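Observations on the model geometry
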Amino acid sequence: VIPLTPKELGTSDVFPQNLQHSPDGRLVAVWGDGEYVIYSTIGWRNRAFGKGVEIAWASPGGEVFAARESSGRVQINRVNAHDHGLPLQGVSDCDRIFGGPLLGVSTAGSTLSFFDWTGCSLIRTIDVVATSVSWSPDASHVAIQTDSSCYVLSANAAVLKSPQSFEAGEDGIEDALGLVDELE
């Protein structure tokens, strides 16, 4: 047993209703009452803030994140950036966001769309009501869970690395994600 001494880190600028660490553990997002604040885990310094009811982190790393506002608008931000982020175009009715190598956006409870973090381009839209999205550590596979099933998809590494090199249709890049298995 290792005795630990409690330490007061300070106060939060929002009433915390949710808390989530960045993938690298260097940052923590605290959000509630329609606002978020991102702090450094060492020193508890304020690194970013804004309007949002949900946060999703880009991985690997932790400097890029998305914030979903109560209006359903999604904005991609960079920690320590002096601008107000980049709104995700064409998304206005988002009800859930998921982090990982691609940004997952659930819209109107009927589709899940994946977007590139840097260019904000649509990678792929899937007709599924997702409750969770989990990526493998090497980003080669993604599991999409619904209320009744789990879908395992393989991710095309070339598309993830350079999506602008591929032609996108109405539902994104057809070869970006391929169904491997469905578990019920």
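First, a word on what this report is: a plain description of the structure on this page. (Residues numbered from 1 in each chain as written. Predicted model: local features only at pLDDT ≥ 70, side-chain atom pairs only at ≥ 80, totals over all residues. Heavy atoms only, no water.)

Within the protein chain one finds 1 helix and 16 strands. Against the compact-globule benchmark of 16 Å for 184 residues, the protein chain has a radius of gyration of 17 Å, which places it among compact chains. By its C-alpha atoms, the protein chain is 50 × 45 × 30 Å across when sized along the principal axes. Of all 184 residues assigned to the protein chain, the portion counted as buried reaches 41%. On the protein chain, roughly 10500 Å² of surface is accessible, and the fraction owed to carbon and sulfur atoms is 51%. (Helix = DSSP H or I, 4+ residues; strand = E, 2+ residues; numbered from the N terminus. Rg over C-alpha atoms; globule rule 2.2 N^0.38 Å. Buried < 20%, exposed > 50% of the residue type's maximum accessible area, 1.4 Å probe, protein only. Areas by Shrake-Rupley, 256 points an atom, 1.4 Å probe, with all protein chains shown as cover.)

Another aspect to go through is the sheet that holds strand 9 (residues 94-98). Taken together, 4 strands build an open sheet; the order of strands is 9-10-11-12 and the sheet is antiparallel. With one partner strand each, in any of the chains shown, strand 9 and strand 12 (122-126) form the two edges of the open sheet. Across this sheet, the average inter-strand angle for adjacent strands is 20°, counted without regard to direction. By the bridge criterion, 4 bridges tie strand 9 to strand 10 (residues 103-107) in an arrangement that is antiparallel. Counted as the bridge partner of arginine 96 is serine 106 from strand 10. (Pairing = 2+ DSSP bridges. Axes fitted to C-alpha atoms, helices over the stretch in contact; angles between N-to-C directions.)

Reading across the sheet, the 4 strands line up as 5-6-7-8 and stay open at both edges, with antiparallel pairing between neighbours. Across the chains shown, the open sheet's two edge strands, defined by having one partner strand only, are strand 5 (54-57) and strand 8 (86-87). Pairing between strand 6 (residues 64-68) and strand 7 (residues 74-78): 5 bridges, direction antiparallel. Its bridge partner being in strand 7, valine 64 is matched across the sheet by arginine 78.

So, on to the pattern of salt bridges. One pass over the full model with this rule turns up 3 salt bridges. Notably, a salt bridge pairs glutamate 63 with arginine 47, separated by 4.0 Å at the nearest N-O pair. Linking glutamate 63 in the loop between strand 5 and strand 6 with arginine 47 in strand 4 (residues 46-51), this pair joins segments that are 16 residues apart in sequence. Residue glutamate 63 is classed as partly exposed on the basis of its relative accessible area of 33%. One salt bridge in this structure joins glutamate 54 and arginine 96, with 3.5 Å as the shortest N-O distance. Highlighted residues: glutamate 54 in strand 5 and arginine 96 in strand 9, separated in sequence by 42 residues. Taking the relative accessible area as the measure of exposure, glutamate 54 reaches 11% and is therefore buried. A relative accessible area of 33% means that arginine 96 is categorised as partly exposed. Through salt bridges with shared partners, a single ionic network connects Glu54, Arg68 and Arg96. (Salt bridge = Lys/Arg side-chain N within 4 Å of Asp/Glu carboxyl O.)

To continue, consider the packing of aromatic side chains. With the rule as written, the count across this model stands at 4 aromatic pairs. For the pair tryptophan 57 and phenylalanine 65, a centre-to-centre distance of 5.7 Å together with 55° between the ring planes defines the contact as tilted. Residue classification places tryptophan 57 among the buried positions, given a relative accessible area of 5%. An aromatic cluster is present here, built from Tyr36, Trp57 and Phe65 joined pairwise through their rings. (Phe/Tyr/Trp six-rings, centres within 6.5 Å; stacked < 30°, edge-to-face > 60°.)

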